[in-house]
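What follows is the residue order along each chain.
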Amino acid sequence: MNSDAYRTAAVVRDFASRSALTPAEVAALGEVWPLVRGDVLDVGVGGGRTTGYLLGVARSYRALDISDAMIAACRNRFPDVDTHIGDARTLEGHENGSYDLVLFSFNGIDYVEFHERASVLAAFMRVLRPGGALVYSSHNLRVLGGRLPPLSRAHVLRTANPLRLAVRVGRAIASSARRARNRRRLAHRQVMGESFAVVNDEAYEHSLLTVYVDPDHERASLNAAGFTDVTAIDLVGRRNPAAFDDPWIYYVARKPAAGAFVPA
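Residues numbered from 1 in each chain as written. Predicted model: local features only at pLDDT ≥ 70, side-chain atom pairs only at ≥ 80, totals over all residues. Heavy atoms only, no water.

Per the secondary structure count, the protein chain includes 8 helices and 10 strands. In terms of C-alpha radius of gyration, the protein chain reaches 19 Å, essentially the compact-globule figure of 18 Å for 264 residues. Each of the three principal axes of the protein chain carries a C-alpha extent, and together these read 70 × 45 × 30 Å. Per-residue burial for the protein chain yields a buried fraction of 47% across its 264 residues. In the protein chain, the proportion of contacts linking residues at least 24 apart, taken out of those at least 6 apart, comes to 66%. If you sum the accessible surface of the protein chain, you get close to 12800 Å²; carbon and sulfur atoms cover 54% of it. Looking at charge distribution, the protein chain has the averaged site of its 32 positive side-chain charges lying 8 Å from that of its 28 negative ones. (Helix = DSSP H or I, 4+ residues; strand = E, 2+ residues; numbered from the N terminus. Rg over C-alpha atoms; globule rule 2.2 N^0.38 Å. Buried < 20%, exposed > 50% of the residue type's maximum accessible area, 1.4 Å probe, protein only. Contact = heavy atoms within 4.5 Å. Areas by Shrake-Rupley, 256 points an atom, 1.4 Å probe, with all protein chains shown as cover. Lys, Arg positive; Asp, Glu negative; His and termini not counted. Charge placed at Lys NZ, Arg CZ, Asp CG, Glu CD.)

Listed below in structure tokens is the structure:
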């Protein structure tokens, strides 16, 4: 539902400029560190933000993204890495049980239609080896407080230089117009439910629809897909916090080992 936005030059430039792991990612990958050293599939690789960290550790590393522009940006940074266009909903071309770890970072799953998230989890389960792990992040419904976010406005950074200020004001006016235009285009597709919401938030000038999910619902969805030992991690790296009050939550989930008992 957002594939066009992920091909725009501004969004691609932003993704290609990023290179840092978040504290939550460090904590989540630390939970499954022996698997990080195995065969890794990096889904929604974007501009290669996570590639530099995983490439030197993993026994084998493959990356995919649904956006050809993102793949081009990643290849520009890491020309020798196995990167290709692919769809997280099917993982077509990836064999059953071929990876120890699947990573889907930066809330990539939230830009798939909500009703297709189950297909994404099923595809991850299929390509993981028994005992393998899934690590991904998702927006937290609870931060919305039951309300869809309002239209945001572009801010102008003050400066004493009148020419520079005029340029900044002009850019802010143009940005505000784009935000309003995107909101008009996408507002009718917003949904507020009890366990999830589809939101046109301020990301990239309101050009995206983002799924927000309640953490309890997400953990239940992982269990329904066959995953076990689900751990939720907040943005500062706390495991299973008492209150989920961060905008993003990372999830670590295991595919049962061969012969393991999985409760119905």
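The next subject is the pairing of strand S10 (residues 248-254). Summarising burial for S10: 5 of the 7 residues are buried, a large majority. Alignment of strand S5 (residues 128-140) against S10, held across 7 bridges, turns out to be antiparallel. Its bridge partner lying in S10, Val-135 is registered against Val-252. Direction of pairing for strand S9 (residues 228-233) relative to S10: antiparallel, over a ladder of 4 bridges. The residue of S10 that forms the bridge with Thr-231 is Val-252. (Pairing = 2+ DSSP bridges.)

Those residues of helix H5 (residues 68-77) that sit buried are Met-70, Ile-71, Ala-73 and Cys-74. The arc that holds the buried residues of H5, viewed along the axis, is 160°, so those residues lie on one side. On its buried face, H5 sits against helix H1 (9-16), helix H4 (51-55), strand S2 (60-65) and strand S3 (82-85). (Arc of directions from axis to C-beta.)

The next point concerns the pattern of salt bridges. Applying the stated criterion across every chain yields a total of 19 salt bridges. Residue Asp-87 is joined to Arg-89 by a salt bridge in which the shortest nitrogen-to-oxygen separation is 2.6 Å. A relative accessible area of 22% means that Asp-87 is categorised as partly exposed. In this structure Arg-89 comes out as partly exposed when scored by relative accessible area, which is 31%. Through salt bridges with shared partners, a single ionic network connects Asp-39, Arg-59, Asp-100 and Arg-129. (Salt bridge = Lys/Arg side-chain N within 4 Å of Asp/Glu carboxyl O.)

This part takes up the environment of Ala-72. The topology assignment puts Ala-72 in helix H5. Ala-72 sits in the partly exposed class, given a relative accessible area of 43%. It is 8.0 Å that separates the C-alpha atoms of Ala-72 and Gly-47, two residues lying 25 residues apart in sequence.

Here we come to unusual backbone geometry. The phi dihedral of Phe-106 falls on the positive side, at around 55°, and the residue is not glycine. In this structure Phe-106 comes out as buried when scored by relative accessible area, which is 17%.

Side chains of a nonpolar character, in soluble globular proteins, are inclined to be buried together. Within the largest apolar cluster, 27 residues are counted, with the highest numbers of intra-cluster contacts made by Val-102, Phe-124, Leu-134 and Leu-222. Among the elements of the structure, strand S1 (39-43), strand S4 (99-104), helix H6 (117-127), S5, S9 and S10 are those that each provide at least two residues to this core. Sort the elements by how many residues they give to this core and H6 lands first, with 6 residues. Residue contacts for Val-102: discarding those within four places in its chain leaves Leu-41, Val-43, Phe-124, Val-127, Leu-128, Ala-133, Leu-134 and Val-135. (Core = buried A, V, L, I, M, F, W, Y, C linked by side-chain atoms within 4.5 Å.)

Before going further, it helps to examine the pairing of strand S8 (residues 210-213). Here S8 shows two buried faces, one formed by Thr-210 and Tyr-212 and the other by Val-211 and Val-213. In this sheet, S8 lies alongside S5 in parallel orientation, the contact comprising 2 bridges. What sits directly across from Asn-140, in S8, is Val-213. Relative to S8, strand S7 (residues 196-199) runs antiparallel, the two being bridged by 4 bridges. The residue bridging Ala-197 from the neighbouring strand is Tyr-212, located in S8.

Any functional reading would require information beyond the geometric quantities listed.
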